[in-house]
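# Observations on the three-dimensional arrangement
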Amino acid sequence: MELEITTVQQRTSKILIGDGWAKSAGAVGARRVLVFDHHLPQWAAEVRRLVPVDAALALPVSEAEKSLHTLETVYQWLGEQGVTRDVVVVALGGGVLTDLVGFAAATYLRGLRWIAIPTTLLAQVDAAIGGKVAVNTAFGKNLLGAFHLPEIVAVDLRFLTTLPLLEWRAGLGEVIKSALIRGGWLYEALGHLTLPEGPFLSEWEPVIAETARIKVDIVNQDLYESGPRMFLNLGHTVGHALENYLGYGSLTHGEAVGLGTLATLRLSELLCGLPETVRDTVTGWLNAWGLPTRMPALDFDTFWRQLHRDKKARSEGLTWVLLEAIGQPVLVKNISRDTVHQVLCELTSG
Ligand SMILES: NC(=O)c1ccc[n+]([C@@H]2O[C@H](COP(=O)([O-])OP(=O)(O)OC[C@H]3O[C@@H](n4cnc5c(N)ncnc54)[C@H](O)[C@@H]3O)[C@@H](O)[C@H]2O)c1
Ligand SMILES: [Zn+2]
């Protein structure tokens, strides 16, 4: 399947779903270099078998290493390889790697073309699509960034066959949010979906393709995040605050977003009249996939301050993404402290 994002300057980013991307990737640019997650040497070898590259660099990958320091390593290496503006950078790895290498491509020589080959569920359905690239600084996540669309995003499920279950769970928050903001087939399909066992991924292929399609569709409406792209933050306001409050690594991103989504749905029941059956359905998915459905005990004052540290909390206060119905997200500003407190208490106790 082939999807396309087009910018106002008529630049396009092709999202190729399936295993037939190599021919297109090999046709982009006369010279290519590969930067890959150092945990994935076997996939780097497979990419090099399919697409000729002049040189390859293995990078360490973690939130702590999504840094200026690692970025400098990439710039240094591009310099050593004598990279000129006609060279295409191929990035192979999860969202940390594609965000960082995409940012290097956005900035080196004022912009190199690049190809993203995402290898995690989270990156295949979300992070690698839509051109947002970034690194972290000591002051927060993704503070140095750019919009720089890859020429091609190769969504090839073969790369997911080595992904540990913990990392599958980390990406499920994005699948859930897309199902809720768009509804339709994906919302119906998730009820029948179990975690993959070993390399048997066939029932995931249409789910990944549909989640990617929803992201492409939203980015096409709003590349620079001034409107509908904000809906992709569903479940993430509370989710990010939970990750920060508990410290990175205590909950996976998917676990935090799953809990954040339950809080969002309860707020939507109170403020937008959403029926409780939606929250029951999502709770069923989380249980089936081994994700938590109860909030950890929190000191609410500290948590409330953490919520307002969110990058997306603009000067006028927090904007929440709630649901009026399945497939009908709305932006709601400044929900009262008491309402949020009540909801978190409900989701913590039995
Ligand atoms: N740009 C965007 O629009 C956007 C959207 C969402 C998230 N993100 C970013 O994505 C990042 C998270 O991405 P992630 O969850 O993919 O994390 P990640 O890149 O850190 O990968 C998670 C772990 O899985 C390993 N791994 C990757 N692919 C593997 C494979 N095929 N087999 C075995 N192990 C594999 C990695 O080495 C790593 O240890 C965050 O930094 C977040 O800010 C960006
Ligand atoms: Zn997310």
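Residues numbered from 1 in each chain as written. Chains lettered and ligands numbered in written order. Predicted model: local features only at pLDDT ≥ 70, side-chain atom pairs only at ≥ 80, totals over all residues.

### Digging into the domain arrangement of the chain
When its domains are assigned, the chain resolves into domain 1 (2-162) and domain 2 (166-348). For domain 1 versus domain 2, the distance between C-alpha centres works out to 26 Å. Counting residues at the interface gives 21 residues for domain 1 and 24 residues for domain 2. Sorting the residues of the side of domain 1 that touches domain 2 by element identifies β1 (2-6), β2 (12-17), α5 (121-127) and β8 (140-147) as the ones contributing at least two each. It is α5 that provides the largest number of residues to the side of domain 1 that touches domain 2, a total of 5 residues. A per-class count over the side of domain 1 that touches domain 2 returns 12 nonpolar, 7 polar and 2 charged. (Domains from an automatic or database assignment. Contact = placed C-beta atoms within 7 Å. Helix = DSSP H or I, 4+ residues; strand = E, 2+ residues; numbered from the N terminus. Nonpolar A, V, L, I, M, F, W, Y, C, P; charged D, E, K, R; others polar.)

### Notes on unusual backbone geometry
For R110, which is not glycine, the phi torsion reads 60° and is therefore positive. By the element assignment, R110 lies in the loop between α4 (95-107) and β6 (114-118).

### With respect to the sheet that holds strand β4 (residues 55-59)
With mixed pairing, 7 strands are arranged side by side in an open sheet as β1-β2-β9-β6-β5-β3-β4. A strand with exactly one partner marks an edge of an open sheet, and here the two such strands are β1 and β4. Each neighbouring strand pair of the sheet contributes to a mean axis angle of 15°, computed without reference to strand direction. Bridging between β6 and strand β9 (residues 152-155) involves 2 bridges; their strand directions are parallel. When the bridges of β9 are listed, A116 appears paired with V153. On top of the sheet, α4 reaches β3 (31-37), β4, β5 (87-93) and β6; it is set at about 165° to β5, its chief contact. (Pairing = 2+ DSSP bridges. Axes fitted to C-alpha atoms, helices over the stretch in contact; angles between N-to-C directions.)

### Looking at helix α8 (residues 205-221)
Along its 17 residues, α8 runs 25 Å from first to last C-alpha, staying within 8% of the 24 Å computed at 1.5 Å per residue. The set of residues buried in α8 consists of V207, A209, E210, T211, A212, I214, K215, I218 and V219. At its buried positions, α8 is contacted by β1, β2, α5, β9, α6 (165-182) and α7 (185-190). (Expected span 1.5 Å × (residues − 1). Buried ≥ 20, exposed ≤ 12 C-beta atoms within 10 Å, placed from the backbone.)

### What to know about the nonpolar core
With 103 residues, the main nonpolar core has V89, V90, A91, L92, V101, I115 and A154 as its most contacted residues. The dominant element in this core, judged by the number of residues it contributes, is α6, at 8 residues. Apart from residues lying up to four places away in sequence, A91 is in contact with V35, L97, T98, V101, G102, W114, A116 and I117. (Core = buried A, V, L, I, M, F, W, Y, C linked by C-beta atoms within 7 Å.)

### Description of helix α9 (residues 236-246)
Counting buried residues in α9 gives 9 out of 11 residues, a clear majority hidden from the surface. Burial in α9 covers these residues: H236, T237, V238, G239, H240, A241, L242, E243 and Y245. In the core, the buried residues of α9 are packed alongside α6, α10 (253-272), α12 (300-307) and β10 (319-325). Directly beyond the C-terminal end of α9, a positive phi value near 95° is found at G247.

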